[in-house]
Amino acid sequence: SRGIPEGDGDQMTRARFLQIVIVGGATLLVEALCRFGVITRFTMIPPTEMAVSLFALARGAPWFWPDVLYSLRNLAFAALIAILGGFLTGLFVHAFPRLRRTLDPLFASYYSVPTFVLYPLLIVVFGVGPASLIVMGAIFGVVAMIVATLTALDRIPRVYLKTARIMGLDPARRVLWVSLPAATPHLITGLKLAVAYSVIGIIAGEFILATAGVGKRLAFAYNDFDNSTMYGVLLLILLFAGALNGLLNAFERRVHARWYR
């Protein structure tokens, strides 16, 4: 029977403790360097002041919550499109080996191409608004999900598929009842990457050109040399990315725990 090695829980606890120590130590070091003038305030403000600035923005800036909700809504749509589109495309490509051999070099080199060059074209097609940002975020995340889907399907034990054929399952039921459950633990990696790349696409797209959003406020603060607002918004993005990654990691651990139980 399958099972999780006994030492995995202790290793995860030690790894989490080490992460906290490293992040906490780096934060204290940056705080000290800023306070003692090694890093000038023109370059960076201390992390404690970033937290104070973020709190002040959340309480008093009229644009803060509307822009946060705007970015979150765009991210949700982009991630959903990337995950579903990447999964369905991966299923389709996996079913045709010749097509896969043709597309594999494209998938392997996809992220070496500066995808942002497409943003002006997206603005022409979809206009300056949420649609172009959502498409940009989806374009960033979809290939990661496609590759993860292909890898997950490759790792399905052949005995499962043989059993499905012996039982006379049609292709749709084979996918829903056999392939998808068996591939789920490996698909979580693609889900995490798709969401992470979608965040990058949305924030970066807003930074370049947008009517609203966290990235837009970050760009305005950067251009105005408003370090307080800029680092407050940067801290917000870091906290959000860390929390999102933590939730996805917890979901991944739960899936693996149930799968290998």
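Residues numbered from 1 in each chain as written. Predicted model: local features only at pLDDT ≥ 70, side-chain atom pairs only at ≥ 80, totals over all residues. Heavy atoms only, no water.

A tally of helices and strands in the chain yields 10 helices and 0 strands. Taken along the three principal axes of its C-alpha coordinates, the chain extends 70 × 55 × 30 Å. Taken across its 261 residues, the chain has 36% of its residues classed as buried. Within the chain, counting contacts between residues at least 6 apart in sequence, those at least 24 apart form 72% of the total. Carbon and sulfur atoms make up 70% of the accessible area of the chain, which amounts to about 15700 Å² in all. Averaging the positions of the 23 positive and the 13 negative side-chain charges in the chain gives two centres separated by 11 Å. (Helix = DSSP H or I, 4+ residues; strand = E, 2+ residues; numbered from the N terminus. Buried < 20%, exposed > 50% of the residue type's maximum accessible area, 1.4 Å probe, protein only. Contact = heavy atoms within 4.5 Å. Areas by Shrake-Rupley, 256 points an atom, 1.4 Å probe, with all protein chains shown as cover. Lys, Arg positive; Asp, Glu negative; His and termini not counted. Charge placed at Lys NZ, Arg CZ, Asp CG, Glu CD.)

When the pLDDT values of the chain are averaged, the result is 86; 94% of them are 70 or greater. Residue range residues 1-6 is modelled with pLDDT below 50. Its contacts to residues more than four positions away, or to other chains, number 8 contacts. (pLDDT = per-residue confidence, 0-100.)

Take the packing of helix H7 (residues 158-166) against helix H8 (residues 171-208) next. Helix-helix packing is characterised by the crossing angle of the two axes and by the distance between the axes. One can describe the packing of H7 onto H8 by two numbers: an axis separation of 10 Å at closest approach and a directional angle of 170°. On the basis of their axis angle, the class for H7 and H8 is roughly antiparallel. Our pair here, H7 against H8, has a crossing hand that is right-handed. Packed against H7, whose contacting residues are Tyr-160, Leu-161, Ala-164 and Arg-165, the element H8 presents Arg-174, Val-178, Ser-179 and Ala-182 at the interface. Among the residues making up the contact of H7 with H8, the classes are represented as 5 nonpolar, 1 polar and 2 charged. (Axes fitted to C-alpha atoms, helices over the stretch in contact; angles between N-to-C directions. Parallel < 35°, antiparallel > 145°, perpendicular 65-115°, else oblique. Left-handed = near helix turned anticlockwise from the far one by under 90°. Nonpolar A, V, L, I, M, F, W, Y, C, P; charged D, E, K, R; others polar.)

If you walk through the whole model with that rule in mind, you get 7 salt bridges. Ionic pairing is found between Glu-31 and Arg-35, a salt bridge with its closest N-O pair at 2.8 Å. Taken together, the positions of Glu-31 and Arg-35, both in helix H1 (residues 8-35) and 4 residues apart, correspond to about one turn of that helix. Residue Glu-31 is classed as buried on the basis of its relative accessible area of 14%. The closest approach of N and O atoms between Glu-49 and Arg-35, which form a salt bridge, is 3.4 Å. In this pair, Glu-49 is assigned in helix H2 (residues 47-60) and Arg-35 in helix H1, connecting sequence segments 14 residues apart. For Glu-49, a relative accessible area of 22% corresponds to the partly exposed category. Since its relative accessible area comes to 47%, Arg-35 is described here as partly exposed. Taken together, the salt bridges that share partners define one network made up of Glu-31, Arg-35, Arg-41 and Glu-49. (Salt bridge = Lys/Arg side-chain N within 4 Å of Asp/Glu carboxyl O.)

Before going further, it helps to spend a moment on helix H4 (residues 97-109). Here H4 is 13 residues long and its end C-alpha atoms lie 19 Å apart, about the 18 Å a rise of 1.5 Å per residue gives. Along its length, H4 reaches its greatest deviation from straightness, about 40°, at Leu-103, and the proline Pro-105 lies no more than four positions downstream. (Expected span 1.5 Å × (residues − 1). Bend = angle between axes of the 7 residues up to and from the residue.)

What follows deals with unusual backbone geometry. Notably, Phe-225 is not glycine yet its phi reads approximately 55°, a positive angle. In this structure, Phe-225 sits in the loop between helix H9 (214-223) and helix H10 (227-259). Relative accessible area serves as the criterion here: at 60%, Phe-225 is assigned to the exposed category.

Right, let's get into the packing of aromatic side chains. For the coordinates displayed, the defined rule picks out 7 aromatic pairs. When the centroid spacing of 5.0 Å and the interplanar angle of 90° are considered together, the rings of Phe-64 and Trp-65 count as edge-to-face. The class for Trp-65 is partly exposed, based on a relative accessible area of 49%. Residues Tyr-110 and Tyr-111 carry aromatic rings whose centres are separated by 5.1 Å and whose planes lie at 90° to one another, so their mutual orientation is edge-to-face. Judged by its relative accessible area of 18%, Tyr-110 falls in the buried class. For Tyr-111, a relative accessible area of 32% gives the class partly exposed. Of the aromatic side chains, those joined through ring pairs into one cluster are Trp-63, Phe-64 and Trp-65. (Phe/Tyr/Trp six-rings, centres within 6.5 Å; stacked < 30°, edge-to-face > 60°.)

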